[in-house]
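# Notes for the structure review
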Amino acid sequence: MTQEPENRIAALIAELHDHAHRYYVLNQPSISDAQYDALFRELEELERTHPNLVRGDSPTQRVGAAVRAGFETRKHREPMLSLNNAMDEHELTEFYQQVEKLAAMQGAPIEFCVEHKFDGVACSLTYEREVLAQALTRGDGENGEVITDNVRTINSVPLRLRGENVPDLVEVRGEVLFLRSAFDALNAERIATGDDPFVNPRNAASGSLRQLDSHETAGRPLSFFAYSLLGVSSTSHFESLKTLANFGFLISPIAKVVSGLEEMRRTYQHGIETRHALAYDIDGLVFKLNDVALQGKLGYRQRSPRWAIAAKFPPEEAFTTLRGITIQTGRTGALTPVAELDPVAVGGVMVSRATLHNEEMIRRKDIRIGDRVVVRRQGDVIPAVAAVVVSARNGTERAWSFPTACPVCGAAITRSEDDAVQRCDNRECGAKRIGRILHYAARSAADIEGLGEKSVETLLKHNLITDLPSIYEIDHEALSKLPSWGELSAKKLLAAIEKSKHIPLHRFIFALGIRHVGERNAEVLAREFKTLEAFLAARSFESINDIGPETAASIIEFLNDSAEQRMLARLAALGVAPQPYEALSLGDTFAGKTVVLTGTLSTMSRPDAEAKIKALGGKTSGSVSKKTSLIVAGAEAGSKLDKARELGITVLSESEFLEMLQ
Ligand code: IVH
């Protein structure tokens, strides 16, 4: 089929946009990457031979423009305002009551639209005749920096708006985010290349957007979530979010209308509990009066609307002073420098120790004893020193250097070339033995309640245990006679130890403490081999999806190690027999149900969601039919959702699905 180049270019652009939208927003690609590349190359070739036909909305223009010096600034069409904060539930209640008064709606439940408060970089996008024409940072609220070329590289920013009857001028405001999963990898790379690591994903997003060379930005995993729409009128905020989704934007996956103070408060608490399951950082929830006419009635203060509030979560970063650095020896012999801090509250918990990761990190961040530092703690993740406040130095701070011998057993420290970590290679190192037992007994492993750091030290000291298998040989009488150990706590501990003999296989594999085998890999291995015997007999792992060569090598080393083999034989002789994988069931929430997933889930990957449904007794399917029992609709769910509605099938939002999983 031959076409005029102009028409062919138009057709290719439309088709590529459609595929990109399916791929990045709907998570439902309909062609292979290779087919996409072929179309893309055809377009590139046509544009190369007809440079006058290169269009601003062409996907080839995402790739990046040439380096420019600095950024031009431009005035916002309307100032970018900020939000008033509520720091806790009490202040949120005050906000609600104030809206009740101003709207003269005492007693009647008031409707708010809730969204995530994205912790990224605010950005305003202007679309002229459907095409992205300009992107500005928030700047000072009045004027922003022009970052159009960089924003074009973000795959979830539509270069052309989808849908019909799009007004000629549309402005979309939202937040650019750096995905958490990619954050650690970016920092590791920066450290390796001699660049300073970013303190948090927000700074990474900001740094990535401010690259003068947009090829650089193009390599960064940025996402854009839209939260307000100017130039298209709607009667409710929720409706304008739906319009944004129809235009092709990602919106907050939890967006919904809540009614009344009670539901508002519940939503806020639920937000705090679930924030860490998200793929990106949020620092709270935003509640916006849903009724646009009422918004108009309430109006604005100097810089913020009276009809909206940012309900903030407890902060995850705090400042404190670094008093010293100690070394912790882990179960694998890895030596981790630990910051001893003046105690400080972070994320609602007092923190006095934080990891400094490794020597390289300390050197890179130039961390000195006596420094004022930023401590960051995310959910259950170990608190870490994220940055130094260099401007707070007074000259008394002291540099620190890594010891040359293991502080526990005195053996020389080794450091392999490919490994940024120093380690103690002494098999008999006492710290390793303790670390190994503690890892085995941890909640996500063998879950032996009562076998914490203190009791392991006591048991070792009194020779009641000597190594890992020996915990299954503890003598009841000797245990109950230990100082500060009563009959009851002895009984409880032994019962917990007995119970741990039959934990599910994936937890047992994790409990073994094989290098590079975390909870996720342990689950993969259990699913693959089903029984402990099959796993122990295996020597080939590279063909298993998700198991990389380094992990495979480490598993083989473990399985071939004669000391480990003796240990496993002793465990078996003592009656340790993990449950085979098939026997696993987390409950029957989805028993007999066929579930279809559609759209983008923000809190978990598709395979994880499917695995959870299966573990809870359900089946998953890729297409909607009369046999479908439930459909889970993530952000920007498309035709499957329409079909499910037609057939009258129950539709769950992502948050309802998460509730069922709990
Ligand atoms: S609405 C007039 N919605 O929070 C309403 N802002 O202090 C203005 N932000 O810099 C903003 N998530 O970038 C809105 N769902 C959300 C948001 C959000 C994050 C940021 C925004 C602004 C700051 C407001």
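Our structure's up above, just so we're on the same page.
This text gives an overview of the structure that appears in the document. Within each chain, residues carry numbers counting from 1 in the order of the written sequence. The predicted nature of this model means local features are confined to residues of pLDDT at least 70 and side-chain atom pairs, given and counted, to a pLDDT of 80 or more, with totals for whole chains, interfaces and linings taken over all residues. Neither water nor hydrogens contribute to the side-chain values; these are computed over all heavy atoms in the structure.

## What to know about the overall build of the chain
Think of it this way: any DSSP run of H or I at least four residues long counts as a helix, any run of E at least two long counts as a strand, and we number them from the N terminus. Within the chain, the secondary structure is distributed over 23 helices and 22 strands. For a compact globule the rule gives 2.2 Å times the number of residues to the power 0.38, and the radius of gyration it is set against comes from C-alpha atoms. For a compact globule of 662 residues, the expected C-alpha radius of gyration is about 26 Å, and the chain comes in at 28 Å, within 12% of that figure. Seen along its three principal axes, the alpha-carbon backbone of the chain occupies a region of about 80 × 70 × 65 Å. Between buried and exposed lies partly exposed: a residue is buried under 20% and exposed over 50% of the maximum accessible area for its type, with that area taken using a 1.4 Å probe on protein chains only. Of all 662 residues assigned to the chain, the portion counted as buried reaches 48%. By sequence separation, contacts in the chain at least 24 residues apart represent 67% of the contacts at least 6 residues apart. Accessibility throughout is a Shrake-Rupley quantity obtained with a 1.4 Å probe, and a residue counts as covered only by protein chains that appear here. Carbon and sulfur atoms make up 49% of the accessible area of the chain, which amounts to about 32,000 Å² in all. Only four residue types enter the tally: Lys and Arg on the positive side, Asp and Glu on the negative side; His and the chain ends are excluded. To locate a charge, take atom NZ for lysine, CZ for arginine, CG for aspartate or CD for glutamate. The centroid of the 78 positive side-chain charges in the chain is displaced by 2 Å from the centroid of its 89 negative side-chain charges. By definition in these notes, contact holds between two residues if any of their heavy atoms fall within 4.5 Å.

## Remarks on the nonpolar core
For the purposes of this section, nonpolar cores are sets of buried Ala, Val, Leu, Ile, Met, Phe, Trp, Tyr and Cys residues that join through side-chain atoms within 4.5 Å. One finds Tyr 440, Ile 448, Leu 479, Leu 525, Phe 535 and Phe 541 to be the most contacted residues of the largest nonpolar core, which totals 54 residues. Apart from residues lying up to four places away in sequence, Phe 535 is in contact with Ile 509, Ile 514, Leu 525, Phe 529, Phe 541, Ile 555 and Leu 559.

## Focus on the site of the ligand
We call a residue near a molecule or strand as soon as one heavy atom of that residue lies within 4 Å of the molecule or strand. Taken together, the neighbourhood of the ligand is formed by 13 residues, with Leu 83, His 116, Glu 175, Tyr 227 and Lys 288 sitting nearest. A distance of 2.7 Å separates an oxygen atom of the ligand from a polar side-chain atom of Tyr 227. Compared with its free state, where it exposes 530 Å², the ligand has 87% of that area covered by protein. Of all elements in the fold, only strand S3 (111-118) and strand S10 (282-289) reach the threshold of two or more residues within the shell around the ligand. With four residues, the single largest contributor to the shell around the ligand is S3. The residue inventory of the shell around the ligand, partitioned by class, reads six nonpolar, two polar and five charged. A 3.5 Å cut-off defines polar contacts: any pair of N or O atoms within that distance qualifies, except that in protein one atom must be a possible hydrogen donor and the other a possible acceptor, and neighbouring residues in sequence count only when both atoms are side-chain atoms. Here the term charged refers only to Asp, Glu, Lys and Arg, the term nonpolar to Ala, Val, Leu, Ile, Met, Phe, Trp, Tyr, Cys and Pro, and the term polar to all other amino acids, Gly among them.

## Let's talk about the sheet that holds strand S8 (residues 222-230)
Adjacent strands of a sheet pair through backbone hydrogen bonds, lying either parallel or antiparallel. A pair of strands is considered paired only if DSSP assigns at least 2 bridges between the two. Strand order across the open sheet formed by four strands is S5-S4-S7-S8, with antiparallel pairing between neighbours. If you trace the sheet from one side to the other, it starts and ends with strand S5 (131-137) and S8, each paired once. The average undirected angle you get between the axes of adjacent strands in this sheet is 30°. Pairing of strand S4 (residues 121-128) with S5 involves six bridges; the strand directions are antiparallel. Bridging from a neighbouring strand, Cys 123 pairs with Thr 137 of S5. Helix H8 (residues 237-247) rests against strand S7 (169-178) and S8 of the sheet, and its axis sits at about 130° to S8. Each axis is a line fitted through C-alpha atoms, taken for helices only over the stretch in contact, and angles between the N-to-C directions span 0 to 180 degrees.

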